[in-house]
Amino acid sequence: MPHWTALAAEKKQRQLKSIPQEWLVTPPPPSTLDVTGFPESCGLLNAREIEITNTSVDVLLKRLASAEWTAVDVTTAFSKRAIIAHQLVNCLTEIFIDRALTRAAELDDYLKKTGKVVGPLHGLPVSLKDQLCIKGLETTMGYVSWIGQYAEKNAVLVDILIECGAVPFVRTNIPQTLMWPESFNSVFGRTTNPHNVSLTSGGSSGGEGALIALKGSPLGVGSDIGGSVRIPSAFCGIYGLRPSYGRVPYCGARNSLEGQDSILSVFGPMTNSLSGLKVFMKAVVDSKPWLKDPLAVRKQWNEDEYELADHGSGKDLCFAIMWDDGVVVPHPPIRRSLEITKAALQKAGHKVVDWKPIKHELLGEVTRDIWNAGSAEDYMITTSVTGEPIIATMELDHADATAASFRPRNGGVTAYQLWQVQKLRQNIRKEYMDHWNATASETGTGRAVDAIICPAAPYVAPPHGKNRSTNYTTVWNALDYPATVFPDPPHKFYDQLDQDIYEMYDPEKFKNAPVCLQLVGRTLEEEAVIKMTEIVDAALVAAK
């Protein structure tokens, strides 16, 4: 067998050949940190393609359904912009645009002949994290050892998206093992943040986050076991949703820690437009995934829940703000964003109380203990095929490397020891449920707190290798609470003193990094969480 470096180089060459040569551009110099404006100024996109790629998901679907825009035109526009994005931030893995355009042409033909759309996602290009198997393509998931393994069939979610009329066209970058909150591997390299390329795009769905931030895809699918949808969404300034276990089918996708079924990875949507979250979830759930994946939950899309029937029909909501988790105090921009959101919600007539976190540090420890029960062996067995090294740091300079708390530190535990950790988590879940229920005494609505608003991370996107704290997202995986990430509109300073004090935390290092927050609901409350995110989003816009 060739050396692992030769295998990786050969795969990278094949990726380069899959890029249409006429779409190659000359990227800006490395000194240009913010590359978000480049796709529209580089000259490759025409005015119509710029319009298409700046259009929200709900409007795109209307124009596709009415044949105002063809699926071929929309797929071409996003494909071109995705290739530009890749040349800027290295966000793609598999590129299969010819296959996508063939599919788009079939959809246009069907609409022309029947006057009907194929499904609710008719003609919509969709990007996929490099876990979702597509027949005939490799899914390396950042492992050199998985190069040359071609999928014999689609993952269940891919089949569902295609049946709904979607057009998969690219897959996106991840870290080796997936178990990192940044995105770097030995096959495809490092994905950077389009708002500031010296910062991380997050992980493990960092390729999706960066691609969507550059509007190279209207809707993408990431996965989340400890924050992997929400962290890149927050760092890249887009919307994302971590659904509850089993709401979106996982069957047929590749993964790390397979067989670990205590804290599950879930697939969720990532998008520039808030409408994309509902569009994706409703389309997937309405396709009855429980008939195709034995672990998918049998729960139809519930429009009454979306209209907040269990939350006073959306009137006089009570949100609880978690200012910090008792583990890591957030940076000034995050604190300020929470203050702005609180004021906006109060202005919109909603009540806001403080959330008291309980046992967040222990929840984080329990989660890591469950993952690490067998993760070191999992990584070792996977990489042993080629002898590729297990990546130990996301730092640019290995001399700066410090051990991250979420990486395995031992060879594993016994089954009995694992059961004790799982039992502890089970007990904390009940304690947290009781804690949430008890808030009914302070809301004034007769209900418990409707949703929690909190940081998605203690900071905006940090420099590469510095994203060491994931507790703000990971605890909700442990509790199996659905959570969205939503961007906070850029804020104005009260005066020069306010700005000077704010900038004391060294803003130059984090220049242009977006600020996002997280909204958390209760298990299997995806509909309500999406609706309440829309309410918060509208309040923020109204208060600008």
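Residues numbered from 1 in each chain as written. Predicted model: local features only at pLDDT ≥ 70, side-chain atom pairs only at ≥ 80, totals over all residues. Heavy atoms only, no water.

Caption draft 1: Fine view of the overall build of the protein. Broken down by element type, the protein carries 19 helices and 15 strands. Here the C-alpha atoms of the protein give a radius of gyration of 22 Å, agreeing with the 24 Å that 2.2 N^0.38 yields for 544 residues. When the backbone C-alpha atoms are referred to their principal axes, the protein occupies close to 60 × 55 × 55 Å. Here the protein, with 544 residues, has 60% of them falling under the buried criterion. Look at the contacts in the protein between residues 6 or more apart in sequence, and 80% of them connect residues 24 or more apart. Split by element, the accessible area of the protein, about 20,900 Å² in all, is 54% carbon and sulfur. Counting 54 positive and 62 negative side-chain charges, the protein places the centres of these two groups 3 Å from one another. (Helix = DSSP H or I, 4+ residues; strand = E, 2+ residues; numbered from the N terminus. Rg over C-alpha atoms; globule rule 2.2 N^0.38 Å. Buried < 20%, exposed > 50% of the residue type's maximum accessible area, 1.4 Å probe, protein only. Contact = heavy atoms within 4.5 Å. Areas by Shrake-Rupley, 256 points an atom, 1.4 Å probe, with all protein chains shown as cover. Lys, Arg positive; Asp, Glu negative; His and termini not counted. Charge placed at Lys NZ, Arg CZ, Asp CG, Glu CD.)

Caption draft 2: Highlighting the sheet that holds strand β12 (residues 351–354). Across the sheet, eleven strands lie side by side as β1-β3-β2-β8-β10-β9-β14-β15-β13-β11-β12; this open sheet has mixed pairing. Sheet topology places β1 (92–95) and β12 at the edges, where each strand pairs with a single neighbour. On average, each strand axis in the sheet is tilted by 25° relative to the strand beside it, whichever way the strands run. Pairing geometry for strand β9 (residues 239–242) and strand β14 (residues 483–487), over three bridges, is antiparallel. Bridging from a neighbouring strand, Arg242 pairs with Ala483 of β14. Each of β8 (219–224), β9, β10 (266–271) and β14 touches helix α10 (residues 275–286); the most contacted strand, β10, lies at about 145° to it. (Pairing = 2+ DSSP bridges. Axes fitted to C-alpha atoms, helices over the stretch in contact; angles between N-to-C directions.)

Caption draft 3: Focus on helix α12 (residues 332–347). End to end, α12 covers 23 Å across 16 residues, agreeing with the expected 22 Å (1.5 Å per residue, within 8%). Every buried residue of α12 is accounted for by Pro333, Ile334, Arg336, Ser337, Leu338, Thr341, Ala344 and Leu345. Count one or two residues on from α12 and you reach Gly349, which has phi positive near 95°. (Expected span 1.5 Å × (residues − 1).)

Caption draft 4: Examining unusual backbone geometry more closely. Cis rather than trans, the peptide bond between Gly203 and Ser204 has omega equal to 5°. Of note, Ser313 is a non-glycine position whose phi angle comes to about 55°, a positive value. Tracing the backbone through its elements, the reader meets Ser313 in the loop between α11 (303–306) and β11 (318–321). Judged by relative accessible area, which is 47%, Ser313 ranks as partly exposed. Of note, Lys359 is a non-glycine position whose phi angle comes to about 60°, a positive value. Within the secondary structure, Lys359 is located in the loop between β12 and α13 (360–371). Residue class for Lys359 comes out partly exposed when judged on its relative accessible area of 38%.

Caption draft 5: Structural context of the pattern of salt bridges. Tallied over the full model, the rule gives 28 salt bridges. A salt bridge links Glu527 to Arg247; its shortest N-O distance comes to 2.8 Å. With Glu527 in helix α19 (residues 526–543) and Arg247 in the loop between β9 and β10, this pair connects stretches of sequence that are 280 residues apart. As far as the burial class goes, Glu527 and Arg247 line up, both buried. Via salt bridges that share partners, Glu10, Lys11, Arg14, Glu94 and Glu138 belong to a single interconnected network. (Salt bridge = Lys/Arg side-chain N within 4 Å of Asp/Glu carboxyl O.)

Caption draft 6: How the structure looks around the packing of α13 against helix α17 (residues 471–479). Closest axis-to-axis distance for the α13/α17 pair is 9 Å, and the angle between their directions is 70°. Judged on the interaxial angle alone, α17 and α13 are roughly perpendicular. On α17, the residues that touch His360, Glu361, Leu363, Gly364, Thr367, Arg368 and Trp371 of α13 are Asn471, Thr474, Val475, Trp476, Ala478 and Leu479. Its residues assigned to classes, the contact of α13 with α17 shows six nonpolar, five polar and two charged. (Parallel < 35°, antiparallel > 145°, perpendicular 65-115°, else oblique. Nonpolar A, V, L, I, M, F, W, Y, C, P; charged D, E, K, R; others polar.)

Caption draft 7: Representation of the side chain of Arg230 within the structure. Tracing the backbone shows Arg230 in helix α9 (residues 230–236). A polar atom in the side chain of Arg230 sits 2.5 Å from the side chain of Asn477. Dropping the residues within four chain positions of it, Arg230 is found in contact with Asp224, Arg242, Thr473, Trp476, Asn477, Ala483, Val485 and Gln518. (Polar contact = N/O pair within 3.5 Å; in protein donor to acceptor, adjacent residues only side chain to side chain.)

Caption draft 8: Structural view of helix α8 (residues 206–213). Burial analysis of α8 places eight of its eight residues in the buried class, which makes it a mostly covered element. When we look at burial in α8, the residues that qualify are Gly206, Gly207, Glu208, Gly209, Ala210, Leu211, Ile212 and Ala213.

Caption draft 9: Spotlight on a nonpolar patch on the surface. A contiguous nonpolar patch, built from Met380, Ile381 and Ile390 and spanning about 280 Å² of accessible area, is present on the exposed surface. On the accessibility criterion, Met380 (49% relative accessible area) is partly exposed. (Patch = residues over 30% accessible without salt bridge, like charges linked within 9 Å, V, L, I, M, F, W, Y side chains within 5 Å.)

Caption draft 10: Structural view of the nonpolar core. One finds Leu161 and Ile453 to be the most contacted residues of the largest nonpolar core, which totals 109 residues. For Leu161, the residues in contact, after removing those within four places along its chain, are Leu121, Val126, Leu128, Ala166, Val221, Phe280 and Val284. Among the nonpolar cores identified, the runner-up in size contains 38 residues, and Tyr245, Leu257, Tyr379 and Ala483 belong to it. (Core = buried A, V, L, I, M, F, W, Y, C linked by side-chain atoms within 4.5 Å.)

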